[in-house]
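Structural description and commentary
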Amino acid sequence: MTRLTCRSLAALLLAAAPHVPLAAQGVGTGGIVHLAEERRMAGNWRRVLMIGAHPDDENTELLTILAKEQGIETAYLSLTRGEGGQNLIGNELGVGLGVVRSEELLAARSFDGGHQFFGRAFDFGFSKTMAEAFEFWPRDSLVKDAVRIIRRFRPQVVISVWSGTPADGHGHHQAAGNVALEAYRAAGDPNRFPELMREEGLAPYTVAKFYRSYYFTPPPGPLLVLNGGAVDPVTGLSYHQIAVRSRDQHRSQNQGNLEEPGPSQVRLGLVEKAATVTGPDDSVFAGVPREAPAANDLHRDAVRLIEAGVVLDATTSDDEVVPGQVLPVTLTVWNSGHDTVRARVGTRLRAAFTAGSSDCPTEAVAVAPGALFRCIARVIVASPGQFTAPYYLQAPRIDAMYHWIGDPSLWGEPFAPPALLADFTIQTQSGVSVHAEREVQGRFRDQILGEVRRRVAVVPRVAVELSPERLVWPRGTVRHSFRVALEHLSRDTTDVTVSLQLPPGWKSGPAQPRHFVREGEHATVDFAVTAPAALAPGEYQISAFVVRGTDTLRTGIQRIRYPHISDRNILTTPTTTVVVADVKFPALSAIGYVRGGGDLVPEALINSGLPVKLLTGEALERGSLDGFKVIVIGARAYEADESLRRAHPRLMRWLNAGGTLVVQIQQGIYFTGGYQPRPFTLGSPQDRVTDEHAKVTFVAPTNPLLNSPNRITAADFDGWIQERGLDFAHSWDAGWQPILEMHDAGDQPREGGLLITRVGRGTAIYTGLSFVRQLPAAVPGAWRLFANLLAAGQRPAAP
């Protein structure tokens, strides 16, 4: 049997609840529920691998049935981490969203019982064809990633979520179906990817059967049908209900659903099988030769610990630690059973830590029934520090593929194993020895929440952030303020000086000293930066750094913190990209903005000097709107913000009285709830233009939206990222005036990306253009066009 991932090992700590984030959990045996689940998996020899393109592609009901009803070791391989999607719960996009969705997949697997793997493909956004997907992702690289996981996990059965045909819709889905079948065929061929054996020790492995899961599309003929409506005797829920809880973890993608009781079916179609598989296909493993269970069965070991009543724990008093810090680790063995056990304890350290002094005995100690054994092993954070971050972000991407470096055994895993682990060997009364590992966790008392635990991470002594990250600098601007934010993460005192590194000819104030005395202390330093006169358009780099003695610190931290997933840190570089461009802004005293999902547009506008005020809750529902000439609604804000829906009637009154309302990309409830100022519809599937280079034609070239205060030309659509837009209007009331036309190659013309209309004395605009991506990325042409949208109420709108 394959080794379990680090997350699977950590899951043995959890109590009876299917998923408890580290933020709030204690330890125990897990009781009869955990015991039953581990017994179900103990002695298993069967393994199934499911393959799809994205987080949320997986058939969670099928995974649940296989793992929790049939006791099969299951796993899901997602070729991407979902970086190109939208975010309905926070502001992370791109790499940050990929971390969120990776953790959401791990949370989902903790409910349905599967493991999780990933490929190297970076989700570059929606694609309409498989051909386009393979322009970004080398096909052979994707196949190699899937073969790597097959040879490591060694499943007898591979299940593809997708068919590899246009019926799959999304080009990524088509590519995943195509890759899954090819990987199934290639995994056992010694002539395919021989370097996997030579460099990673992964021998060719022949999969017995290849199925297709008919979850999204209707089946073509007779199928193997599994009963998801059956009730799991351990939890008392149907496998369908458990699967819904698994899918609910994809919260960034708005995947919550009702846990409906009653009948439910999962359908599989056999596509290919090995010559060794004979007989009828009346079950997933019908005809598959039996294998011997692995000797190192972690499920069996978990059963033995639970039956012995032994609870293991490893904690420390700090979670974010800095180079040179001495960290006391408390190792605990609690024998709640009826027989004496013998325990040997210690720590297992990776490169980020070295061993210090220890009070723990080197030999096994007897722990009597009811007794609690504790000792303290001290570890030292290595210096210079190896800061904790996802392994797949250690090297820059190569186009739309992550570049993995370091330990090949990690490649394809969700994250690297914890750098700080505790080792336990427990010998029971009967003489059986059980080896177990526990992740060392920071453990704290919160007066409201109670016990709180967090993952231990190595961080810089002082985290440095420079804002804004990207900035549009209109030509003619002489000076702009930049802020360096500092966070002190050490428990002792620190003295630093803060400076900026500027392009030639640029100037700022002198270095500024700061003194820190406690952990968690924050400070900011503002620098007024002056640019040379007659600055040419283009990109310029400004960086911040902190000097402490002979050390220079240039690292920041982006924390991923949500209650349904475990915490993660992303390392950042304190650098600002200044984009100098010919942009004219309208003279406005106040712009209201309702933030949408994954929406950093308001910060981008504020950073460029626009008078933006965020409207939320009380301000939106009961505050005066009279001071705003323009209100902008963020992408999918009608889904993300209940107060916006409640405030809609007063927003329409404000619009009729003469306001300018700019509504960006919306879905679902915006249309079903009738929130449009004039009717228009979405297509099914939605109209979108995925090619960021698609030609743009001006349908209404004389309309002020294309002429004032910036004269828009074809050049303003150069340099766009990921896409032109999505959720375009498909059909609309005659009062709406379309402004632009664009379409992907082979598609029909799309004119619904930018519409304008008069409503009473006001002006309403709907746009499916992806300003939510272009403005934070400082794309000059998008800024020029958006500035014109803000100015729409300053002149007569088109009829």
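Heads up: the structure comes first, above all this text.
Residues numbered from 1 in each chain as written. Predicted model: local features only at pLDDT ≥ 70, side-chain atom pairs only at ≥ 80, totals over all residues. Heavy atoms only, no water.

1. Brief notes about helix α10 (residues 298-308)
The cut-off we apply is this: Think of it in three bands: with a 1.4 Å probe and only protein chains considered, a residue is buried below 20% of the maximum accessible area for its type, exposed above 50%, and partly exposed in between. In DSSP terms, a helix is any run of H or I states spanning at least four residues, a strand is any run of E spanning at least two, and both are numbered starting from the N terminus. Contacts: residue pairs with any heavy atoms within 4.5 Å of one another. Under this definition, polar contacts are N or O atom pairs within 3.5 Å; protein pairs additionally need one hydrogen-donor-capable and one acceptor-capable atom, and for neighbouring residues in sequence, both atoms have to be side-chain atoms.
All of the buried residues in α10 are His299, Asp301, Ala302, Val303, Leu305, Ile306 and Ala308. In the core, the buried residues of α10 are packed alongside α2 (31-41), β2 (73-78), β8 (310-316), β10 (326-335), β15 (420-427) and β16 (433-439). The N-cap residue of α10 is Asp297: its side-chain oxygen and the backbone nitrogen of His299 are 3.0 Å apart.

2. A look at the sheet that holds β16
Definition in use: The criterion for strand pairing is that DSSP finds at least two bridges linking the strands in question. Orientation is described by lines fitted to C-alpha atoms, with helices fitted over the stretch in contact, and by angles between N-to-C directions that extend from 0 to 180 degrees.
The strand order across the open sheet formed by four strands is β13-β11-β15-β16, and the pairing between neighbours is antiparallel. Lying at the two open borders of the sheet, with one neighbouring strand each, are β13 (365-367) and β16. For this sheet, the mean inter-axis angle between neighbouring strands, taken without regard to orientation, is 35 degrees. Where α10 meets the sheet, it contacts β15 and β16, and its direction lies at approximately 95 degrees from that of β16.

3. Focus: the packing of helix α3 (residues 60-69) against helix α9 (residues 239-248)
Quick note on the threshold: We call two directions roughly parallel when the angle between them is under 35 degrees, roughly antiparallel when it is over 145, roughly perpendicular when it lies between 65 and 115, and oblique otherwise. Should the near helix be turned counterclockwise from the far one by less than a right angle, the crossing is left-handed, whereas a clockwise turn marks it as right-handed. Amino acids are sorted into nonpolar (Ala, Val, Leu, Ile, Met, Phe, Trp, Tyr, Cys and Pro), charged (Asp, Glu, Lys and Arg) and polar (every other residue, Gly among them).
α9 packs onto α3 with a crossing angle of 120 degrees between their chain directions and a minimal axis gap of 8 Å. One finds that α3 runs oblique with respect to α9. Regarding α3 and α9, the two cross each other, and that crossing is right-handed. Where α3 approaches α9, its residues Thr60, Glu61, Thr64, Ile65, Lys68 and Glu69 are matched on the opposing element by Tyr239, His240, Ile242, Ala243, Ser246 and Arg247. Residue classes in the contact of α3 with α9 are distributed as four nonpolar, four polar and four charged.

4. Looking at the sheet that holds strand β20 (residues 462-467)
Spatial strand order, β20-β22-β25: three strands in an open sheet with antiparallel pairing. Edge positions in the sheet fall to β20 and β25 (522-530), since each of these pairs with one other strand and no more. Put simply, the sheet's adjacent strands are angled 20 degrees from each other on average, direction ignored. For strand β22 (residues 479-488) and β25, the ladder comprises nine bridges, and the chain directions are antiparallel. Bridge assignment links Glu487 to a residue of β25, and that residue is His522.

5. Observations concerning unusual backbone geometry
The residue after Ser383, namely Pro384, is reached through a cis peptide bond having omega 5 degrees. When you line up the elements, Pro384 lands in the loop between β14 (372-381) and β15. The omega torsion of the bond from Ser684 to Pro685 falls at 0 degrees, within 30 degrees of zero and hence cis. With respect to the secondary-structure elements, Pro685 resides in strand β35 (residues 680-689). For Ala534, which is not a glycine, the phi torsion comes out positive at approximately 55 degrees. Its location among the elements puts Ala534 in the loop between β25 and β26 (538-548).

6. A look at the environment of Lys68
Note on placement: Lys68 falls in helix α3. Expressed as a C-alpha distance, the spacing of Lys68 and Val699, which sit 631 residues apart in the sequence, is 57 Å. The residues touching Lys68, leaving out its near neighbours within four places in the chain, are Glu37, Arg40, Phe111, Asp112, Gly113, Asp232, Tyr239 and Ile242. Engagement of the side chain of Lys68 in a polar contact is seen with the side chain of Glu37, the distance being 3.1 Å.

7. Notes on the pattern of salt bridges
To be explicit about the condition: Counted as salt bridges are all cases of a side-chain nitrogen of Lys or Arg within 4 Å of a carboxyl oxygen of Asp or Glu.
Enumeration according to the criterion identifies 51 salt bridges in this entry. Glu413 serves as the salt-bridge partner of Arg152, at 3.3 Å between the closest nitrogen and oxygen. In this pair, Arg152 sits in helix α6 (residues 139-153) while Glu413 sits in the loop between β14 and β15, placing the two residues 261 residues apart along the sequence. On the basis of relative accessibility, which here comes to 5%, the residue Glu413 falls in the buried class. Note that Glu487 and Arg559 form a salt bridge whose closest N and O atoms lie 2.9 Å from each other. Here the residue Glu487 occupies a position in strand β22, and Arg559 occupies one in strand β28 (residues 556-560), the gap between them amounting to 72 residues. We classify Glu487 as buried; its relative accessible area is 14%. Residues joined by salt bridges that share partners form a network here, namely Lys128, Asp687, Asp744, Asp747 and Arg750.

8. Some points on the state of the cysteines
Stated precisely, the cut-off is as follows: The disulfide definition used here is simple: a pair of cysteine sulfur atoms within 2.5 Å.
Scanning all chains against the criterion turns up one disulfide. Here Cys360 is linked by a disulfide to Cys375, with a sulfur-sulfur distance of 2.0 Å. Around the S-S axis, the bridge from Cys360 to Cys375 shows a dihedral of about 95 degrees and counts as right-handed. Note that Cys360 is positioned in the loop between β12 (353-358) and β13 and Cys375 in strand β14, a separation of 15 residues in sequence. A relative accessible area of 12% places Cys360 in the buried class. Judged by relative accessible area, which is 6%, Cys375 ranks as buried.

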